[in-house]
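Listed below are the residues making up each chain.
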Amino acid sequence: MIIARRAILAALTAATIAGPAALAHAQSGYPTREVRWVIPWNAGGSNDIMARVLLPILEKEGLRVVIENVPGGTGAIGMGQVATARTDGYTIGNGTSSTLAIIAQGKVPLKNEQFDHIIRVSVDPLILVVSGKSGFKTLDEFLAHMKANPGKVTIATPGSNNINHIFAAMTARGAGVDYRHVPYPGGSRVVAELMGGQVQAGVLKPSETMEQIKSGDLRPLGVFENKRLDALGDVPTFKEKGIDVFPYGPVVQMAYIAAPAGLDPKVRDTLTTKFKAALTSAEFKDFAAKNGFIIDPLSGKELDAEVSKVADALAEVAKHVFAKP
Amino acid sequence: MDILSSLGTALLFELSNPYGLALILFGVVVGFAFGATPGLTATMGVALFIPLTFPLPPDLAVGMMVALYCGSMAGGAIPAILINIPGTPSAVVTTLDGHPMARQGKAARAYGWALISSIAGGLISWLALATIAPALARVALMLGPAEYAATALLGMTIIASIVPGQVLKGLLGAIIGVGLSVVGLDQITGEARWTFETLALIRGIDIMPALIGLLVIPELMNSLFERRASARAPTDLKGMFPSLSEWMGQAVNTVRSAVIGTAIGIVPALGGSVGSLIAYDQAKRFDRDGARYGKGAPGGVVASEAANNGVTGGAMIPLLTLGIPGDTVTAMLLGGLMIHGLQPGPRLFETSGDIVWAIIATMLLANIAIAAVGVVGFRFFVRILDVPRHLLAPALFVLAVVGTYSLANQWFDVVVMLCLGTFGFLLTLANISVYPIVIGVILGPLLESEVRRALVISGGDWSTFLTRPGSAAILAVAVAALVLPTLLARLKGNGAAGGGTPHATAEQSK
């Protein structure tokens, strides 16, 4: 008992004396404990799965993370928690283009300045797909059909006011006609409705459709990029067909790590290095290749520039595309 | 024959692997715990387990996650019966009759029924999964937003059977419920509705906080205000399982509910709670004892639980055959498959047939494990009824608060839960049932978004609901469910059949 008490006393004294030093040490020794990683989407979504694949790889790099799903409000709820968290580097979150879009449109009380952007995790190209049973074999055929039936062709997207929605609108713009935009709560619903012939086309990620494309249930018609995708080499881009899908600036579907603004540069560096190592690991590359997304780990000033470029383009595009119903 | 041999091989392989069997049992136990604890969901269970399964080979890993999913559905009935808290949204309907049975001292019997029906539901949907899954999944794809909207409306008709003779109060509650579900970002246009520019309201009012608030708080308050100390009859642990003849009386109900559950599970948009709502409604209409539903009729528990567990097998069908998850749990399972290097999609049967069959075999074994875990586990859980009320009520209150918070780590959810709880208590004082509100909250978003989606697709033409054969048929059933009973009663005059409704009203307003 006495020994124990003495030990505690000694420890306390030591802590008081070494207090400031210990604090300094803690900072240089970041991370000393687990980092809370807020995924502002449902468990089981693509962001969540990616984080769970990264979790053990990050641990090998010496960064232990705990994944916390805080879904809702197109990611705004979780990112709101990140924005107001302590700037000690123990809270990070997944920023995405979708959340950027609703911030850019002023739909949520959040600002991009509230975040430090750490590193980009993934870039998802988007493609226009139709059912494998549909009569449209090429993009030209589909666009011709849109022209022949102005305002009648349905294009489905997961969610609305996001990048998918923009590209649906850009497809119609390419055909020079109006269309019917059908938003669904998630990519898998769009796949189901496409396969069942409920809607005529959809704007989705290759990662959501690869297996259905391989089995012939879905058919990709065009890529919303300026160059063809490695995974879908025979699918033409919209650019090849003379359609500019980026008339308001570059918009890209991406996910990146964000922390509350005002992070210690050292902590930021640590996070960047460890994430970069995990993102470029063979395991994660393998996962990315299998699921058809691109790893492009931009960080630092380049990422800041990219995020604001995308945010500006989104704000601009919102004025033209997301017209009131 | 092909199916039998594949399945046989998979089963033999599973049975010859004690390690795998232990993992399935473990998965079911954890699933029970997650299902039985308000605030822990099956989705969280699977999410938490994914890192633990990294070192395992894919078949064992996925098997354990599937076992957890099955276990959680069966576990949800425990708190629903014992303390009127549905452990999962799908168990809401189980509280309707399960909890009144517990109040009559028949908690063990209620759970016996729940367990048997859970397993029966699980097995019937398993049969569909093992035999005709690919065909079923393709048929389900023919349904679109118009049919989903009609199904949501059909689900709404249950309100008429839950609050017999109080149509106006029922409708009022449903409207309040749908109204609550409107808060947040519009599902179609993304516009903020009733959010007052605050982050918390942008998220909207989630189903579980509303559910815990509306069902648990009034129940707690009422139990505290009850004068008679011996309101609860002593719990008889003997006779947990009904006799064979009793069960035969519910056989049709079980099969019908399981089939409804399986069908709803296959459809990618609907989810478990819709299945049990529709199954309960149909059971009540077809049961000669229908008037007793809601006051502790075993048939209500049977319908709800058979449908619930039918949904699990049903939901696996589009997941395994098309790579399309129907709800958040199956989405999480899809993630689990992907993390273990499998590519869920229409080719999964071809590329990883052995693993698919291992999963199917696991589901069969999980249902057997559910029986064992349920019988043993319930003996512990039922002790909760021995706790004196003045201790149980505060403990449950804490559980409601902690459970609500842990759902999404949001304090605002707790505020919503408490506000709706208080509101619900005031309503019960005025003899207004809270269930229509609950149903409005659950079905409102589905009904609204699918109706609007169907209208976008049809270009604003409402006739789409009648010209599409599927939705026309479902709407016809819904209208029949509402109008036929009254019509039949009128035709029979004021005979014995017509007596049910006024009688029920009299009891309600006591």
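Every chain's residues receive numbers from 1 upward, in the order its sequence appears when written. Chain labels run from A onward and ligand labels from 1 onward, assigned in the order the entries are written. Side-chain atom pairs in this predicted model are given and counted only at pLDDT of 80 or more, local residue features only at pLDDT of at least 70, and totals for whole chains, interfaces and linings cover all residues. With hydrogens and water stripped out, all remaining heavy atoms of the structure feed into the side-chain values.

Draft legend 1. Looking closely at empty space enclosed by the protein. For each structure, a 1 Å grid was placed over the protein atoms alone; sets of points admitting a 1.4 Å probe that cannot get out are labelled cavities, open sets with protein on both sides within 12 Å along at least five of seven lines are labelled pockets, and lining residues have an atom within 4 Å of a point. Grid points are joined across faces, edges and corners, and a volume is the space filled by probe spheres set on the points. One pass over the full model with this rule turns up seven cavities of 30 Å³ or more. Working definition: helices are DSSP H or I runs of at least four residues, strands are E runs of at least two. Numbering for both runs from the N terminus. Counting residues per element, the lining of the second largest cavity draws most heavily on helix α4 (residues 97-104) of chain A, which supplies three residues.

Draft legend 2. A look at the packing of helix α14 (residues 272-286) of chain B against helix α21 (residues 435-458) of chain B. All names here are of chain B. Each axis is a line fitted through C-alpha atoms, and for a helix only the stretch in contact is used; angles between axes span 0 to 180 degrees, taken between their N-to-C directions. Viewed as axis vectors pointing N to C, α14 and α21 meet at an angle of 115°, and their least axial separation amounts to 11 Å. You can see that α14 and α21 cross each other, and the crossing is left-handed. Between α14 and α21, the residues in contact are S273, V274 and L277 and I439, I442, L443 and L446, respectively. Here the residues of the contact of α14 with α21 sort into six nonpolar, one polar and no charged. For any pair of crossing helices, the crossing counts as left-handed if the nearer helix is rotated counterclockwise from the farther one by less than a right angle, and right-handed if it is rotated clockwise. By the convention used here, residues are in contact when the closest approach between their heavy atoms is within 4.5 Å. Under the grouping applied here, Gly and all other residues not named as nonpolar or charged are polar, the nonpolar ones being Ala, Val, Leu, Ile, Met, Phe, Trp, Tyr, Cys and Pro and the charged ones Asp, Glu, Lys and Arg.

Draft legend 3. Region of the structure containing the environment of K60 of chain A. All names here are of chain A. Looking at the element boundaries, K60 is found in helix α2 (residues 46-60). Expressed as a C-alpha distance, the spacing of K60 and E208, which sit 148 residues apart in the sequence, is 29 Å. A polar contact of 3.0 Å, which involves the side chain of K60, links it to the side chain of E283. Nitrogen and oxygen atoms within 3.5 Å of one another constitute a polar contact, given that in protein one can donate a hydrogen and the other can accept it, and given that sequence-neighbouring residues count only through two side-chain atoms.

Draft legend 4. Main features of unusual backbone geometry. Across the junction of Y30 of chain A and P31 of chain A, the peptide omega takes the value -5°, indicating a cis bond. Here P31 of chain A shows up in the loop between α1 (2-28) and β1 (35-39). Even without being glycine, N161 of chain A reaches a positive phi, approximately 55°. Positive phi, normally seen in glycine, also occurs at N431 of chain B, with a value near 60°. In this structure, N431 of chain B sits in the loop between α20 (411-429) and α21.

Draft legend 5. Inspection of the sheet that holds strand β6 (residues 154-158) of chain A at higher detail. Strands pair, by our definition, only if DSSP identifies at least two bridges between them. With mixed pairing, the five strands of this open sheet are ordered in space as β7-β6-β8-β5-β9 (chain A). Two strands lie at the open edges of the sheet, namely β7 (180-184) and β9 (218-223) of chain A, each paired on one side alone. Ignoring strand direction, the axes of neighbouring strands in this sheet form an average angle of 30°. Here two bridges tie β6 of chain A to strand β8 (residues 201-204) of chain A, and the two strands are oriented parallel to one another. Residue pairing in the sheet places I155 of chain A in a bridge with A201 of chain A of β8 of chain A. Along the sheet, α21 of chain B makes contact with β6 and β7 of chain A, crossing β7 of chain A at roughly 155°.

Draft legend 6. View of the pattern of salt bridges. Each reported salt bridge corresponds to a side-chain nitrogen of Lys or Arg within 4 Å of a carboxyl oxygen of Asp or Glu. Here the structure, examined in full by the defined rule, presents 32 salt bridges over all chains. A salt bridge links R120 of chain A to E306 of chain A; the nearest nitrogen and oxygen atoms lie 3.1 Å apart. Within this pair, whereas R120 of chain A is found in strand β4 (residues 115-124), its partner E306 of chain A is found in helix α11 (residues 300-321), the two being separated by 186 residues in sequence. E306 of chain A matches R120 of chain A in its accessibility class, with the two residues each being buried. The closest approach of N and O atoms between E450 of chain B and R189 of chain A, which form a salt bridge, is 3.0 Å. Placement of the pair is E450 of chain B in helix α21 and R189 of chain A in helix α7 (residues 187-195), with the two residues belonging to separate chains. Partly exposed describes any residue whose relative accessible area lies between the buried limit of under 20% and the exposed limit of over 50%, with all areas from a 1.4 Å probe on protein chains only and scaled to the type maximum.

Draft legend 7. Spatial organisation of the sheet that holds strand β2 (residues 65-69) of chain A. Residues and elements named next belong to chain A. Taken in spatial order, the five strands line up as β2-β1-β3-β10-β4 in an open sheet, and their pairing is mixed. Every other strand in the sheet has two partners, leaving β2 and β4 as the edge strands with one partner each. Each strand of the sheet is rotated relative to its neighbour by a mean of 25°, with strand direction disregarded. In terms of strand pairing, β1 meets strand β3 (residues 91-96) through three bridges, oriented parallel.

Draft legend 8. A look at the interface of chain B and chain A. Taken together, the contact pairs 51 residues of chain B with 51 residues of chain A. One can count four salt bridges joining chain B with chain A. With its nearest N and O atoms 2.8 Å apart, the salt bridge here joins R138 of chain B to D217 of chain A. If you look at where chain B meets chain A, you find 15 residue pairs in polar contact (both at pLDDT 80 or more). Those elements that place two or more of their residues in the side of chain B that touches chain A are α3 (42-53), α8 (145-156), α11 (199-202), α16 (328-339) and α21 of chain B. Considering every element that reaches the side of chain B that touches chain A, the biggest residue donor is α16 of chain B, with six residues.

Draft legend 9. Highlighting α3 of chain B. The end-to-end C-alpha distance of α3 of chain B, which contains twelve residues, comes to 16 Å, matching closely the 16 Å that a straight helix rising 1.5 Å per residue would cover. For α3 of chain B, the complete set of buried residues consists of A42, T43, G45, V46, A47, F49, I50 and T53 of chain B. Along its buried surface, α3 of chain B packs onto α2 of chain A together with α2 (18-36), α4 (58-75) and α16 of chain B. Expected span, for any helix, means 1.5 Å times one less than how many residues it has.

Draft legend 10. The arrangement of the packing of aromatic side chains in detail. Classification of ring pairs uses Phe, Tyr and Trp, with its six-membered ring standing for Trp, and accepts pairs whose centres are within 6.5 Å; under 30 degrees between planes counts as stacked, over 60 as edge-to-face, and the remaining range as tilted. Taken as a whole and judged by the stated rule, the model has 15 aromatic pairs over all chains. Residues F349 of chain B and W357 of chain B carry aromatic rings whose centres are separated by 6.1 Å and whose planes lie at 75° to one another, so their mutual orientation is edge-to-face. Pairwise contacts between aromatic rings join F167, F224, F238 and F246 of chain A into one cluster. When the ring centre of Y90 of chain A is taken as reference, the NZ or CZ atom of R33 of chain A above it lies at 3.9 Å. Two conditions define a charge sitting above a ring: the NZ of Lys or the CZ of Arg must be within 6 Å of the ring centre, and it must be within 35 degrees of the ring normal.

Draft legend 11. Looking closely at the packing of helix α12 (residues 207-225) of chain B against α21 of chain B. Residues and elements named next belong to chain B. Taken N-terminus to C-terminus, the directions of α12 and α21 make an angle of 180°; their axes are 10 Å apart at the nearest point. The orientation of α12 relative to α21 falls into the category roughly antiparallel. Counting all contacts with α12, which are made through I207, A210, L211, L214 and L215, the residues of α21 involved are Y435, I437, V438, V441 and I442. Residue classes in the contact of α12 with α21 are distributed as ten nonpolar, no polar and no charged. Note that the term roughly parallel is reserved for angles under 35 degrees, roughly antiparallel for angles over 145, roughly perpendicular for angles of 65 to 115, and oblique for everything else.

Draft legend 12. Inspection of a nonpolar patch on the surface at higher detail. Patches draw on residues past 30% relative accessible area with no salt bridge. Two like charges within 9 Å are joined, as are two nonpolar side chains (Val, Leu, Ile, Met, Phe, Trp, Tyr) within 5 Å. With residues, only the protein chains shown are counted as cover, and all accessible areas are computed by Shrake-Rupley using a 1.4 Å probe. A cluster of nonpolar residues, V479, L482, V483, L484, L487, L488 and L491 of chain B, forms a patch on the protein surface that exposes about 660 Å² of accessible area. Secondary-structure assignment places V483 of chain B in helix α23 (residues 469-491).

Draft legend 13. Expanded view of the pairing of strand β10 (residues 253-260) of chain A. All names here are of chain A. Most of β10 sits out of view: eight of its eight residues are buried. Where β3 and β10 come together, four bridges link them in antiparallel fashion. Bridge pairing links T96 to A255 in β10. Of the strand pairs in this sheet, β4 and β10 are connected by eight bridges, and their pairing is antiparallel. Bridged to H117 within β10 is A258.

Draft legend 14. Fine view of the nonpolar core. By convention a nonpolar core is built from buried Ala, Val, Leu, Ile, Met, Phe, Trp, Tyr and Cys residues, the set being connected through side-chain atoms within 4.5 Å. W37 and F284 of chain A together with Y111 and M316 of chain B are the most contacted members of the largest nonpolar core, which totals 211 residues. With 15 residues, the top contributor of residues to this core is helix α7 (residues 107-140) of chain B. The domain limits used here are those given by an automatic or database domain assignment. Here this core spans two domains, since at least three of its residues come from each of domain 1 (34-124 + 251-321) and domain 2 (127-223) of chain A. Residues in contact with W37 of chain A, not counting those within four places in the same chain, are A51, L54, L58, V65, V66, I67, E68, I92, G93, N94, I257 and F275 of chain A. Counting residues in each nonpolar core, the second largest holds 61 residues, with I77, I155, I243 and F246 of chain A among its members.

Draft legend 15. Here's a closer look at the environment of A472 of chain B. As for its placement among the helices and strands, A472 of chain B is situated in helix α23. Every residue in contact with A472 of chain B, bar those within four places of it in the chain, is listed here: F465 and L466 of chain B.

Draft legend 16. Spatial organisation of the domain arrangement of chain A. Residues and elements named next belong to chain A. We note that the domain assignment places domain 1 (34-124 + 251-321) and domain 2 (127-223) within chain A. A straight line from the C-alpha centre of domain 1 to that of domain 2 covers 27 Å. Counting residues at the interface gives 15 residues for domain 1 and twelve residues for domain 2. When two parts are brought into contact, each loses some accessible area as probed by a 1.4 Å sphere; the total of that loss over both is the buried area. With both sides pooled, the region where domain 1 packs onto domain 2 buries about 1,100 Å², and carbon together with sulfur makes up 66% of that total. Run the count over domain 1 and domain 2 and you get one salt bridge. There are two residue pairs in polar contact (both at pLDDT 80 or more) connecting domain 1 and domain 2. Every element with two or more residues in the side of domain 1 that touches domain 2 is listed here: α4 and α11.

Draft legend 17. Structural view of the side chain of D116 of chain A. Residue and element names in this part refer to chain A. Here D116 lies in strand β4. Think of it this way: Lys and Arg go in the positive column, Asp and Glu in the negative one, and His and the chain ends go nowhere. For D116, which is buried and forms no salt bridge, the nearest opposite charge comes from R268, at a distance of 4.1 Å. At 3.2 Å, the side chain of D116 forms a polar contact with the backbone nitrogen of G262.

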